[in-house]
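# Per-entry structural report
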Amino acid sequence: MVKYVLKRIGYMIVTLFAVATITFFLMRSIPGDPLASMARTLPEQTKANFYAKYGLDQPLFNQYLKYMKGLVTLDLGESILYAGRSVSGEIARTSPISGAVGGTALVIGTLIGVCLGIVAALNKNRWPDYIVMFIAILGATIPVFVLASLMQYIFAVKLGVTPASGWGKPEHMILPVIVMSFSSVATYARYIKSSMLDTLNQDYVLTARAKGLSEKKVIFRHVLRNSLLPAVTIFSSSVVGVFTGAFVTERMFSIPGIGFYYITSINNHDYTMVMGTTVFYAVLFIVMQFVVDFVYMVIDPRIRVASDK
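Residue positions are given per chain, counting from 1 as you read along its sequence in written order. This being a predicted model, a pLDDT of at least 70 is required before a residue's local features are given, and a value of 80 or more before pairs of side-chain atoms are given or counted; all residues contribute to the totals for chains, interfaces and linings. Side-chain figures throughout are based on the complete set of non-hydrogen atoms in the structure, without hydrogens or water.

### Digging into the overall build of the protein chain
Quick note on the threshold: The helix and strand labels rest on DSSP assignments: H or I over at least four residues marks a helix, E over at least two residues marks a strand, and numbering proceeds from the N terminus. Only protein chains enter the accessibility calculation, which uses a 1.4 Å probe; a residue is then buried when its area is under 20% of its type maximum, exposed when over 50%, and partly exposed in between. The contact rule is simple, with two residues in contact once any of their heavy atoms fall within 4.5 Å. Each accessible area is a Shrake-Rupley estimate made with a 1.4 Å probe; only the visible protein chains count as cover when residues are assessed. When charges are counted, Lys and Arg contribute as positive and Asp and Glu as negative, whereas His and the chain ends are disregarded. A charged residue contributes its charge at one atom only: NZ of Lys, CZ of Arg, CG of Asp or CD of Glu.
A count of helical and extended segments in the protein chain gives 14 helices and 0 strands. The helix and strand sequence of the protein chain, counted from the amino end, reads α-α-α-α-α-α-α-α-α-α-α-α-α-α. Across its three principal axes, the protein chain shows a C-alpha extent of roughly 85 × 60 × 30 Å. Within the protein chain, buried positions represent 41% of all 309 residues. Nonlocal contacts in the protein chain, meaning residues at least 24 apart in sequence, comprise 74% of its contacts between residues at least 6 apart. For the protein chain, the computed accessible surface area is about 16,600 Å², with 67% contributed by carbon and sulfur atoms. Of the side chains in the protein chain, 27 bear a positive and 16 a negative charge, and the two mean positions are spaced by 8 Å.

### Let's talk about the pattern of salt bridges
Defined as follows: By definition here, a salt bridge exists when the distance from a side-chain nitrogen of Lys or Arg to a carboxyl oxygen of Asp or Glu is within 4 Å.
In the structure shown here, the tally under the stated rule is 4 salt bridges. In this structure, the salt-bridge partner of Glu90 is Arg85, at a minimum N-O distance of 3.5 Å. Salt-bridge contacts for Lys193 lead to Asp129; the nearest nitrogen and oxygen are separated by 3.1 Å. Here Lys193 is found in helix α7 (residues 174-200), whereas its partner Asp129 is found in helix α5 (residues 127-141), with 64 residues between them in sequence. Of the two residues, Lys193 and Asp129, both sit in the buried class.

### A few points about the packing of α7 against helix α9 (residues 215-227)
Inclusion rule: The axes are straight lines fitted to the C-alpha atoms, using for helices just the contacting stretch, and the angles between their N-to-C directions are given from 0 to 180°. By the definition adopted for this analysis, an angle is roughly parallel if under 35 degrees, roughly antiparallel if over 145, roughly perpendicular if from 65 to 115, and oblique otherwise. Crossing handedness is defined as follows: a turn of the near helix away from the far one that is anticlockwise and smaller than a right angle gives a left-handed crossing, while the clockwise case is right-handed. Gly falls in the polar group here, along with every residue not listed as nonpolar (Ala, Val, Leu, Ile, Met, Phe, Trp, Tyr, Cys, Pro) or charged (Asp, Glu, Lys, Arg).
Relative orientation of the contacting elements α7 and α9 amounts to 125°, with a least axis distance of 8 Å. Relative to α9, the element α7 lies oblique. Seen from above, α7 lies across α9 with right-handed handedness. Residue-level inspection shows Ile192, Ser195, Met196, Thr199 and Leu200 of α7 in contact with α9, the latter providing Ile219, His222, Val223, Leu224, Asn226 and Ser227. Across the contact of α7 with α9, the residue classes break down as 6 nonpolar, 5 polar and no charged.

### Remarks on the packing of aromatic side chains
Any aromatic ring pair is given by two values, namely how distant the centres are and how the planes are angled relative to each other. As a reminder of what qualifies: Centres within 6.5 Å make a pair out of two Phe, Tyr or Trp rings, where for Trp the six-membered ring is used; the pair is then stacked when the planes are under 30 degrees apart, edge-to-face when over 60, and tilted otherwise.
Evaluation of the coordinates by the stated rule reveals 6 aromatic pairs. For the pair Phe24 and Phe25, a centre-to-centre distance of 5.2 Å together with 85° between the ring planes defines the contact as edge-to-face. An aromatic cluster is built from Phe24, Phe25, Phe61, Tyr64 and Tyr67, whose rings are joined through pairwise contacts.

### Examining the confidence of the model for the protein chain
Convention followed: On a range of 0 to 100, pLDDT expresses the predictor's confidence in each residue.
Of the residues in the protein chain, 92% have a pLDDT of 70 or more, and the chain-wide mean is 82. Across the protein chain, element-level confidence peaks in helix α6 (residues 144-158) with a mean pLDDT of 89 and bottoms out in helix α14 (residues 301-308) with 58.

### Concerning the environment of Gly168
Along the chain, Gly168 falls in the loop between α6 and α7. On the basis of relative accessible area, Gly168 is assigned to the exposed category, the value being 61%. Placed 64 residues apart in sequence, Gly168 and Thr104 show a C-alpha to C-alpha distance of 16 Å.

This is the structure:
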């Protein structure tokens, strides 16, 4: 087990290094200059001071070495767009906001989606199955910005029961949570239904029924547990999607989360902010994959045995 953990940590470091390197050179390959528009009216000497402050006057490879050195010491630098603000400070300030909205939506969406998936699987080719699949198709096909606009028009403009946008009060979370949880409901409903239908045909389920176990015990003790593996896999990427998938939602509802500032940073060539946010997403994703592997071992003992070997 220790060998396995050390190997995974090694893979994580290599992956993070690759992500940081590729992102660095891709950002530098985009035409444009982060200081070109902001320092356009300044004297030449002042411009030169700005470029020297952010190291943009140095050769590209020297800039890369400087950034990677800072990354090793957990120094993500200072935002070019928001002068005086550190990148790590901005991530620490904005990520809890994204986490509050996205996390609430993920929990609600997962619970509803799993329940609907179970209902659809146990009522295959009957009206509950058709209704669940209709909801799942809607959730998978309607773009986020269309759903967000529709919710704002109905609940904020027509009914006036919720604010259309803004942040700072609990009611500001209602519409963004509904919009973000809709896709989770659709995803988990489809995966859980498919996984349960496959598990219901396994030999050990037929054996459990033949032994006289009640249908309730068969479902919850044998079928549901083994049907959750696909959901665990999706859940890891969904946790990352709490932050990365909220770009459009945060923009449309004026939520000052990390996605809101990420888009602004990309549009303004804020190299350090984009790099820091990307590294943050990469670390989050890698750690979640690591956690998922251990959850696999808890749910399915066969994986734990294979890992020990």
